[in-house]
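# Chains, contacts and geometry: an overview
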Amino acid sequence: GNSVTQMEGPVTLSEEAFLTINCTYTATGYPSLFWYVQYPGEGLQLLLKATKADDKGSNKGFEATYRKETTSFHLEKGSVQVSDSAVYFCALSDQGGGADGLTFGKGTHLIIQP
Amino acid sequence: DVKVTQSSRYLVKRTGEKVFLECVQDMDHENMFWYRQDPGLGLRLIYFSYDVKMKEKGDIPEGYSVSREKKERFSLILESASTNQTSMYLCASSATTGVGGYTFGSGTRLTVV
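Now for a quick tour of the structure.

Criteria and thresholds
Residues numbered from 1 in each chain as written. Chains lettered and ligands numbered in written order. Predicted model: local features only at pLDDT ≥ 70, side-chain atom pairs only at ≥ 80, totals over all residues. Heavy atoms only, no water. Buried < 20%, exposed > 50% of the residue type's maximum accessible area, 1.4 Å probe, protein only. Helix = DSSP H or I, 4+ residues; strand = E, 2+ residues; numbered from the N terminus. Pairing = 2+ DSSP bridges. Disulfide = S-S within 2.5 Å.

### Examining the pairing of strand E10 (residues 87-94) of chain B
Residue and element names in this part refer to chain B.
- Where burial is concerned, most of E10 is hidden: eight out of the eight residues are buried.
- Going residue by residue along E10, you find Ser 87, Tyr 89, Cys 91 and Ser 93 tucked away on one face and Met 88, Leu 90, Ala 92 and Ser 94 tucked away on the opposite face as well.
- In this sheet, E10 lies alongside strand E5 (residues 31-38) in antiparallel orientation, the contact comprising seven bridges. The residue of E10 that forms the bridge with Arg 36 is Tyr 89.
- In terms of strand pairing, E10 meets strand E12 (residues 108-112) through three bridges, oriented antiparallel. Opposite Tyr 89, over in E12, you have Thr 108 as the bridge partner.
- Where E10 meets strand E11 (residues 103-104), two bridges bridge the pair, whose relative direction is antiparallel. Within E11, the residue paired with Ser 93 across the bridge is Thr 103.

Right under this line is the structure:
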């Protein structure tokens, strides 16, 4: 079956530091890949996505590249802010519309200190 | 602004009660989902529906049922609430065509005492 593995954290960084959150996956076929973010007390929001190999998703300064050869989709940001503190989830769907549900990693809690 | 609305942010129920969690989306999405979120376990799929009156079991359906009588509404039912069902419940929806990702509600934190 499908699975997603990501570092769980918490990951604590200082403001303006470089961020990498690793995500690797196991799936049949060619899944679509997503990063979601959950701010305290809220539901999940789609941060970025990629639908095929070598695609790069980007949003709000965050980037992730779909690497089929390493089955990875690592999240990066060049300079983090306190407001980026949240839980980040990597996810995959092996159907275009995800009719049978996304498979999520366990989430990475990111803490940015001023 | 499109959204998924969950009827309650916080609920406290007693063991053995029948509990209804309601979710409504205004995006005309075909697919709707219920997940529960627990520390250290991430998100786990309970049930999903790809059409009105259709439902499919997810990874952890035991102790739950669902109802989808209208396209925009997807209800999660705890037939007899137990303390191990204390959790954050998240509803989501998606369109069948395209790869738009999912839209989530804000969640319902259920405590069973």
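### Some remarks on the state of the cysteines
All names here are of chain A.
- What the rule picks out here adds up to two disulfides over all chains.
- At a sulfur-sulfur separation of 1.9 Å, the disulfide partner of Cys 23 is Cys 90. For the disulfide bridge between Cys 23 and Cys 90, the dihedral angle about the S-S bond is near -70°, and by the sign convention the bridge is left-handed. Placement of the pair is Cys 23 in strand E4 (residues 23-26) and Cys 90 in strand E10 (residues 86-93), with a sequence separation of 67 residues. With respect to class, Cys 23 is no different from Cys 90; both count as buried.

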